[in-house]
Amino acid sequence: MDSTLACLAAWMPRQRWYAAKARSPSLRLVSWWELPSPADAESDSDARIRTYLVADEGALPTVLYQIPVVARATETVDADPEHVIGSPEPGTTFIDGPFDPAYADALLRLITGGGTAEGPQTRVAGHPVDGGTFGDTTARVVTGEQSNTSLIFEGDGMPVICKVYRQVHPGLNPDIELQIALAKSGSSRVPTPVGWVEGLWPDLETAHGAVRGSLAFAQEFLPDVEDAWRVALLAAARSDDFRAHARALGEATADVHLALAGCFRTRAATTRDREATASTWARRLAIAMAEVPEISERRAAAEAVYRRALEVAWPALQRIHGDYHLGQVIHAPGRGWVLLDFEGEPLRPMAERTQPDLPLRDVAGMLRSFDYVTGSLRLDDPGRSPEAVRGWARDARQAFVEGYAARSGTDLDRRHPLLAALELDKAVYEAIYESRNRPTWVSIPLAAISRLVERPAAVV
């Protein structure tokens, strides 16, 4: 097993979903389980399908990773070298599971047919949902994902996309919980759920007992559609009027919030909630000023925006999307805007992601996303008219808020203090992220911070 962990540790830092690329993993095997190879596939008779749960104890806090592996005899391997993990022992080669048809087939069978798999102190179960029937399929992996790995299954029956969670946590993932609840409520704003995989594994916190958590989630795949980011980016590049689309997106967002409020409990915001939120705003602003010194010039004005938000009435707290932006929405013919990926911010603890929150946090996230559309255009084409792109963003933002307010019945105008504070906090977070990862993009959140503190609580 030491050779297996060494092989995984050498491979993991090259993967987009690995959370700490600046250092090498310090891995401990927590458990593993095996899935049966497809009985009707002679070519896969040599494949051993095993999933490892490994804890990276070099991270603070410790991160638990799910790593599906297909082990094959080295002489039979015909895989893209990019997806080969390595050879932990002579004559055997590990392939990253989602890129091997044996794992893809076994995963879909587990999700749609149910069943269990067991390993040391571990039990895994598939939970089908009545989402259709499935026959022969082919699988392909979605490119570009950062936190998880998704497979698209197409063939007989409804197309399916299955997300394999790379970082796993105790508790039911809100991606599963919220979308199944929305679908059961009759909402057409989410794809049809197909099923999920749940696991029971040793508790890392207490070193005894076990915890239960989510490992994968499958749902209807809507082919030949584009996400709202691409739709909006093309419209902005052409200077097309996006107001009707933005208004409809605001209405769709409100539809989901209203449905979630009906599916899960809501509660009034307490003094403790306000204090905790204010503390988060202040802590993030302090980090941003240390890493992006230009923000220090706006400190007093930013703090004034936050104070105004604490002086107004807050809406009830409820379950929300939690990581809402244009890339999380697709436009489906005949259905309009459909929301995806209710997982919340992947790096936040699961206990935080499942708590009631301010629905305006989602609204603020989408407003920032519109700002990024025009900001990215100006970075790509510095000669583009600033007035034109600002006007496009202003109109889209205003239409989105108007659509949300009209459908939700919220008394929300363009100068709402709480909305401005939430958007400012999001821009401050973006400034930290861009300074660390894409320094040439930091001008986008910096411009938003200036606008939000100079014209407090203004959507325009």
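This one's a predicted model, so the numbers in the text were calculated from it and none came from an experiment.

1. Structural notes on the packing of aromatic side chains
Given two aromatic rings, their pairing is described by the distance between the two centres and the angle made by the two planes. Under the counting rule described, the total for this entry stands at ten aromatic pairs. Consider the rings of Phe370 and Trp392, whose centres lie 6.4 Å apart with planes at 65°: the pair is edge-to-face. Remark: Trp392 occurs in helix H10 (residues 386–408) and Phe370 occurs in helix H9 (residues 360–380); sequence separation between them is 22 residues. Relative accessible area serves as the criterion here: at 8%, Trp392 is assigned to the buried category. Residues Phe370 and Phe400 carry aromatic rings whose centres are separated by 6.0 Å and whose planes lie at 65° to one another, so their mutual orientation is edge-to-face. Of the two residues, Phe370 sits in helix H9 while Phe400 sits in helix H10, which places them 30 residues apart along the sequence. Here Phe370 and Phe400 have matching classes, each one buried. Pairwise contacts between aromatic rings join Trp11, Trp17, Tyr18 and Tyr65 into one cluster. Stacked on the ring of Trp32, the Lys or Arg Arg50 has its end atom at 3.8 Å from the ring centre. Seen from the ring of Trp441, Arg438 lies directly overhead, with NZ or CZ sitting 4.1 Å from the centre.

2. Re empty space enclosed by the protein
If you walk through the whole model with that rule in mind, you get two cavities of 30 Å³ or more. Each pocket or cavity is described by its volume, and for the largest cavity that value is around 70 Å³. Taken together, the residues of the lining of the largest cavity break down into nine nonpolar, two polar and no charged.

3. Focus: the sheet that holds strand E5 (residues 92–96)
Read from one edge to the other, the open sheet built from five strands follows the order E1-E2-E3-E5-E4, with strand pairing classed as antiparallel. The open sheet is flanked by strand E1 (27–35) and strand E4 (84–89), the only strands paired with a single partner. Taken over all neighbouring pairs, the strand axes of this sheet differ in orientation by 35° on average, direction set aside. Pairing of E4 with E5, which is carried by three bridges, proceeds in the antiparallel orientation.

4. Quick notes on the packing of helix H7 (residues 299–310) against helix H11 (residues 417–437)
Each pair of packed helices can be summarised by the angle the axes make with each other and by the distance between the axes. Contact geometry of H7 with H11 gives a least axis separation of 8 Å together with a crossing angle of 140°. For the element pair H7 / H11, the angle class is oblique. Here H7 runs over H11; the crossing is left-handed. The segment H7 lies against H11, with Ala302, Val305, Tyr306, Arg308 and Ala309 engaging Pro417, Leu418, Ala420, Ala421, Leu424, Asp425 and Val428. Here the contact of H7 with H11 is built from residues that sort into ten nonpolar, no polar and two charged.

5. Some points on helix H3 (residues 174–184)
Within H3, eight of the eleven residues are buried, which leaves the element mostly enclosed by the surrounding structure. Inspection of H3 places Pro174, Asp175, Ile176, Leu178, Gln179, Ile180, Ala181 and Leu182 among the buried residues, and these make up the whole buried set. Where H3 is buried, its residues meet strand E10 (160–165), strand E11 (193–202), strand E12 (210–220), helix H5 (243–263), strand E14 (336–339) and helix H8 (350–353). Measuring from the side-chain oxygen of the N-cap residue of H3 to the backbone nitrogen of Asp175 gives 2.9 Å; that N-cap residue is Asn173. Two residues or fewer past H3, Gly186 is found with a positive phi of approximately 95°.

6. A short note on H10
Its 23 residues place the ends of H10 33 Å apart at the C-alpha level, agreeing with the 33 Å of an ideal helix rising 1.5 Å per residue. Backbone geometry just downstream of H10 places Gly409 in the positive-phi region, at approximately 75°.

7. Quick notes on the pattern of salt bridges
All chains considered together, the criterion is met by 39 salt bridges. The salt bridge partner of Arg230 is Asp227, with a shortest N-O separation of 2.5 Å. Overall, the relative accessible area of 49% leaves Arg230 in the partly exposed class. Accessibility expressed as a relative area gives 14% for Asp227, which makes it buried. Here Glu291 makes a salt bridge to Arg436, at a shortest N to O gap of 2.6 Å. Of this pair, Glu291 sits in helix H6 (residues 271–291) while Arg436 is found in helix H11, placing the two residues 145 residues apart along the sequence.

8. Structural notes on the pairing of E10
For E10, a buried count of five out of six residues is recorded, marking the element as mostly surrounded by other parts of the structure. Adjacent in sequence and paired antiparallel, strand E9 (residues 148–157) and E10 are bridged by two residues. The pairing of E10 with E12 spans five bridges and is antiparallel. Considered in E12, the bridge of Ile161 is made with Gln219.

9. Some words on the environment of Pro61
Structurally, Pro61 can be placed in the loop between strand E2 (48–56) and strand E3 (63–73). Overall, the relative accessible area of 67% leaves Pro61 in the exposed class. Spatially, the C-alpha atom of Pro61 lies 32 Å from that of Leu419, the residues being 358 residues apart in sequence.

Rules of the game
- Residues numbered from 1 in each chain as written.
- Predicted model: local features only at pLDDT ≥ 70, side-chain atom pairs only at ≥ 80, totals over all residues.
- Heavy atoms only, no water.
- Phe/Tyr/Trp six-rings, centres within 6.5 Å; stacked < 30°, edge-to-face > 60°.
- Helix = DSSP H or I, 4+ residues; strand = E, 2+ residues; numbered from the N terminus.
- Buried < 20%, exposed > 50% of the residue type's maximum accessible area, 1.4 Å probe, protein only.
- Lys NZ or Arg CZ within 6 Å of the ring centre and 35° of its normal.
- 1 Å grid on protein atoms, 1.4 Å probe; cavity = no way out; pocket = protein on both sides within 12 Å on 5 of 7 lines; lining within 4 Å.
- Points joined across faces, edges and corners; volume = space filled by probe spheres on them.
- Nonpolar A, V, L, I, M, F, W, Y, C, P; charged D, E, K, R; others polar.
- Pairing = 2+ DSSP bridges.
- Axes fitted to C-alpha atoms, helices over the stretch in contact; angles between N-to-C directions.
- Parallel < 35°, antiparallel > 145°, perpendicular 65-115°, else oblique.
- Left-handed = near helix turned anticlockwise from the far one by under 90°.
- Contact = heavy atoms within 4.5 Å.
- Polar contact = N/O pair within 3.5 Å; in protein donor to acceptor, adjacent residues only side chain to side chain.
- Expected span 1.5 Å × (residues − 1).
- Salt bridge = Lys/Arg side-chain N within 4 Å of Asp/Glu carboxyl O.

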